[in-house]
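# Inside the fold
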Amino acid sequence: MKPTQEKPPLPTVSHPTICPYCSLGCGFYLELEEGKAAGIRYMPEHPVNEGSLCPKGNTVLEVLNHPDRLKYPMKKTENGWERIEWEAALELAAAKLKGSLEKSGPASLAFLGSAKCSNEENYIFQKIARLLGTNNVDNCARLCHASTLTGLGKTLGTGAMTNPISDLASSECIFVIGSNFAENHPPVSRQVLRAKEKGALVIVADPRITPTSWLADLALRLEPGTDIALLNGMMHVIVSEGLWDREFVRERTRGFSELEQNLQRYDPETVSNITGIPSADIIKAARAYARAGTAAIVYSMGITQHVSGTDNVTACADLALICGHIGKKGTGILPLRGQNNVQGACDMGALAEFYPGYGKVGDPDAAGRMQSLWGAKKLPESPGLTATEMLEAAGEGKIKALYVMGEDPVNSNPDSSQVKKALEKLDFLVVQDIFMTDTAEHADLVLPAASFAEKEGSFTSTERRVQWVEPALLPPGEARADLEILFRLAKNLGLDFPCRDAGEVLEEITAAVPAYGGMTKERLKKDFGLIWPCPYPGHPGTPVLHTNSFRTLDGLARIVPVEHRSPAETPGPEYPFLLTTGRTVLHYNAGSMSRRSKSLLKKEPELYVEINPADARTMEIREGNKLLLETRRGKTEVIARLTERVGQGVLFLPFHFPGTNALTAGSLDREAKIPEFKVSACRIRRD
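Here's what I pulled together on the structure shown here. Since the structure is predicted, the reported quantities are computational estimates derived from the model, not experimental observations.

Space inside the largest pocket adds up to approximately 1100 Å³. Lining of the largest pocket is provided by 35 residues; of these, G157, F354, G357, Y358 and R551 occupy positions nearest its centre. Among the elements of the structure, α6 (146-156), α17 (364-374) and α22 (502-512) are those that each provide at least two residues to the lining of the largest pocket.

Here is the structure:
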């Protein structure tokens, strides 16, 4: 018998792209068959992840191909959600925004941008808001790293990571405080391990014992909310033992004498009483960091999400500055951001107090530059409301219309019951997203957006690396790229935008954001992008900041003394536990994407609380028991996990599930206005 002719295998196309999860900007290939995503292939040549991907990156196809993807615009009616045509949807959105504008003025409008969307999308988003007359525009950096902008901004002049991640391999000492990168930014571990192989000492300060702590040569388990005391205590030792870099301090900084005076109150014994860390370990950590030839500080939301977030970041900068560990390879301050484009959304001016490129709202020169570029007669002169303030104002009836692009404040903001009440008081809420989130359920209009793999644009990673992605797939149904939606909305609003695609928007960005001045779509597509500042065509980018001067008026860094102060809420008889929150390796932020991955949910399906076994014994709690956690804001059900990872009196909740932020408090850092997610007083009930 003649054998049946076999069908030729389908051609597979490998499409390079960037992971949509954390802020590292890891590269990989989408494997495409007949126009559909059929697999992923690793990218060993990528300079950041070198071929590795975390569990979330490995399961990204489950999100891309998920049946819950939004496919059509939908309007809420008395009978529920009804599908409507795009033109009708955008006419409705524009009519509602213009109606609020005419009736209640520009202060009645608010726009919440997205750190998951591209630079070009965030740039156009904030431009629409400002041309409508409001600076009420923000993004979720307000919830994770706004204090990095304020803290590093006022000390170093630039609120961004100073060195590339690969530099960590050249560090002789790595001081990690408030970061669990081994779970949340796994490729960072590879550089730290390379440094250890060369003899580097790794110090990890964290209230929990984490996989990052396992890498430590010296682990400092401090009480939550005592970071400033620890940092001041280390500086006290460094100054009193003469280990500070006199030449660097004299030639490149201002403010040392004020710091020296302030540190007198932070001797190791006093700091030990505040932090719970043995004084000998504080001294050991201080000596190791100061004596190293090259030393780096790595931090994340364990530092930033406090009412003292700006001061925490400032203290990190002070420590680096007095030791001269900044401005050269293997040194610096490395804040590890949360979402994939937190840095870019801020660079693009999706912030209440900054224009694109960090010109300050209220500065006539900065406003004049944007007015000239945009052809606007006048821009609003006062800083707008931040992400949390918008919801508070909505609850008070001051915000009438809210446009949310790619965020889920019901699950990401603190005190979620108040957020829901605020959303219900709006006259009009439009949500543009890839899934029907808990926030979208409160909307009047939902617009289906394209995912990262279905659109083009640039994304800026935590190390300031700007990379370009091209669309690999068509969006499902009638979903559209966020930029296309915004262009069509702008047209309906009567705004005349000359740009028509992401490449043209990038051209305008190069005029608005000096650090992007030398970037083009073609350059960003090559060699894994460019690291800003890249101020002119042909500039190679700037991996290491502050090599010769700081971005201050006189080129000198500012050493700013800060004081330890207690969290806004501390445990007491009524609420005896200290509740802290954070990320895990298997989920991502509010969970709108990762909780739709069957593989990830199989491993981590529900909200749990970590509780110390000694506390559990006292309350007769066993592994797997259902508990009711309660704070002054609300209550939520959890599953008990007994573990020594948390100390006695401390509870830990991952913030990827609805319920966590029903408990957290809305107390804000006075400068960055970032909420204190890391400390809440809590109690356990056995109902």
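A separate point is a negative patch on the surface. Judged by side-chain charge, D501, E504, E507 and E522 come together as a negatively charged surface patch. Within the secondary structure layout, E504 lies in helix α22.

This brings us to the side chain of S114. Checked against the element boundaries, S114 lands in the loop between β6 (109-112) and α4 (119-131). Residue class for S114 comes out buried when judged on its relative accessible area of 0%. Excluding residues within four positions of it along the chain, S114 makes contact with N122, N139, A345, M405, G406 and E407.

For the rest of this paragraph, the subject is the pattern of salt bridges. Counted by the stated rule, this structure contains 38 salt bridges. The closest approach of N and O atoms between E484 and R480, which form a salt bridge, is 3.6 Å. We classify R480 as partly exposed; its relative accessible area is 26%. One salt-bridge network, held together by shared partners, links E87, R480, E484 and R488.

Next up on the list: the environment of A288. Positionally, A288 belongs in helix α13 (residues 279-291). A sequence separation of 50 residues divides A288 from I238, and the C-alpha atoms of the two residues are 9.8 Å apart. Other than its neighbours up to four places away in sequence, A288 contacts C173, L201 and I203.

This part covers the sheet that holds strand β17 (residues 457-460). An order of β17-β18-β19 is seen for the three strands of this open sheet, with the pairing classed as antiparallel. Two strands close off the open sheet at either side, each with one partner strand: β17 and β19 (530-531). Bridge count for β17 against strand β18 (residues 465-469) is four bridges, and the pairing is antiparallel. Considered in β18, the bridge of F459 is made with Q467.

Applying the stated criterion across every chain, the model contains six cavities of 30 Å³ or more. Quantified by volume, the largest cavity comes out at close to 360 Å³. As for the largest cavity, its lining consists of 27 residues, and the residues nearest its centre are G178, D206, G302, T581 and K678. Of all the elements, strand β21 (residues 577-582) adds the most residues to the lining of the largest cavity, at three residues. The residue makeup of the lining of the largest cavity, split by class, is eight nonpolar, 13 polar and six charged. Counted as a void, the second largest cavity has a volume near 290 Å³. Lining the second largest cavity are 21 residues, with Q339, S412, N589, A590 and F655 positioned closest to its centre. At the level of elements, α5 (141-144) and α19 (409-412) are the ones that each hand at least two residues to the lining of the second largest cavity.

Among the nonpolar cores identified, the biggest contains 59 residues, and F111, I128 and Y403 are the most heavily contacted of them. Non-local contacts of Y403, meaning those with residues more than four positions away in its chain, are made with L97, A110, F111, L112, F125, V430, Q432, L447, I485, L486 and L489. A205, L230, Y289 and I326 belong to the second largest nonpolar core, which has 54 residues in total.

What follows is about the packing of aromatic side chains. Summed over all chains, the structure comprises eight aromatic pairs. On the basis of an interplanar angle of 65° and a centroid distance of 6.4 Å, the ring pair of F175 and Y289 is categorised as edge-to-face. Taken together, the residues F175 in strand β8 (residues 173-177) and Y289 in helix α13 connect sequence positions 114 residues apart. Comparing F175 with Y289, the two get one shared label, buried. The interplanar angle of 20° and the centroid separation of 4.1 Å between the aromatic rings of W244 and F256 together place this pair among those described as stacked. Taken as a pair, W244 in the loop between α9 (227-240) and α10 (246-252) and F256 in helix α11 (residues 256-262) lie far apart in primary sequence, twelve residues in all. The ring of Y72 carries R83 above its face, with NZ or CZ at 3.6 Å from the centroid. The lysine or arginine in question, R208, covers the ring of F652, its NZ or CZ lying 3.5 Å from the ring centre.

The rules we used
- Residues numbered from 1 in each chain as written.
- Predicted model: local features only at pLDDT ≥ 70, side-chain atom pairs only at ≥ 80, totals over all residues.
- Heavy atoms only, no water.
- 1 Å grid on protein atoms, 1.4 Å probe; cavity = no way out; pocket = protein on both sides within 12 Å on 5 of 7 lines; lining within 4 Å.
- Points joined across faces, edges and corners; volume = space filled by probe spheres on them.
- Helix = DSSP H or I, 4+ residues; strand = E, 2+ residues; numbered from the N terminus.
- Patch = residues over 30% accessible without salt bridge, like charges linked within 9 Å, V, L, I, M, F, W, Y side chains within 5 Å.
- Areas by Shrake-Rupley, 256 points an atom, 1.4 Å probe, with all protein chains shown as cover.
- Salt bridge = Lys/Arg side-chain N within 4 Å of Asp/Glu carboxyl O.
- Lys, Arg positive; Asp, Glu negative; His and termini not counted.
- Charge placed at Lys NZ, Arg CZ, Asp CG, Glu CD.
- Buried < 20%, exposed > 50% of the residue type's maximum accessible area, 1.4 Å probe, protein only.
- Contact = heavy atoms within 4.5 Å.
- Pairing = 2+ DSSP bridges.
- Nonpolar A, V, L, I, M, F, W, Y, C, P; charged D, E, K, R; others polar.
- Core = buried A, V, L, I, M, F, W, Y, C linked by side-chain atoms within 4.5 Å.
- Phe/Tyr/Trp six-rings, centres within 6.5 Å; stacked < 30°, edge-to-face > 60°.
- Lys NZ or Arg CZ within 6 Å of the ring centre and 35° of its normal.

Shape is all these values report; function is a separate question.
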